[in-house]
Amino acid sequence: MGERGLSMLLSDMKEGETGKIIRIGGNGALRRRILEMGLLKNAEIYVEKYAPLKDTIEMIVKGYHLSLRVNEASQITVEKLEE
């Protein structure tokens, strides 16, 4: 497998995992909002934690903390990076 990791949805990543965005789905306002938050192709994401009810994911992207709803995160395909 080398440096290439497993392709998966951001919403399926676990706490403490790192990934690289390979595709952003969605359309219209949702897609624009995701892009405006800096979630761009090839950006590296570290999943810090899930909220207690698993409704939001807290992550670090480009050095800043960001929270996304799980249904929004399901529009983003990432490549899991091995530590």
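Placed above this text is the structure.
Read on for an overview of the structure. (Residues numbered from 1 in each chain as written. Predicted model: local features only at pLDDT ≥ 70, side-chain atom pairs only at ≥ 80, totals over all residues. Heavy atoms only, no water.)

Quick notes on the side chain of T77
Relative to the assigned elements, T77 resides in strand β6 (residues 76-81). Here T77 is in contact with S7, M8, L9, K20, I21, I22 and R23, once residues within four sequence places are set aside. (Helix = DSSP H or I, 4+ residues; strand = E, 2+ residues; numbered from the N terminus. Contact = heavy atoms within 4.5 Å.)

Observations concerning unusual backbone geometry
The residue K54 is not glycine, and still its phi comes out positive at about 60°. Structurally, K54 is set in the loop between β3 (44-50) and β4 (56-61). By relative accessible area, which is 53% here, K54 ends up exposed. Here the phi dihedral of K62 falls at roughly 55°; this positive angle occurs in a residue that is not glycine. Inspection of the secondary structure assignment puts K62 in the loop between β4 and β5 (64-69). (Buried < 20%, exposed > 50% of the residue type's maximum accessible area, 1.4 Å probe, protein only.)

Considering the sheet that holds β3
With respect to topology, six strands assemble into an open sheet ordered β1-β6-β2-β3-β4-β5, the strand pairing being antiparallel. Because the sheet does not close on itself, it has two edges, and the strands there are β1 (7-9) and β5. Put simply, the sheet's adjacent strands are angled 45° from each other on average, direction ignored. Pairing geometry for β4 and β5, over six bridges, is antiparallel. Note that in β5 the partner of T56 across the bridge is R69. (Pairing = 2+ DSSP bridges. Axes fitted to C-alpha atoms, helices over the stretch in contact; angles between N-to-C directions.)

So, the pairing of strand β2 (residues 18-24)
Relative to β3, β2 runs antiparallel, the two sharing three bridges. Residue pairing across strands places K20 opposite E44, the latter belonging to β3. With six bridges connecting them, β2 and β6 associate as antiparallel partners. Bridge pairing links G19 to K80 in β6.

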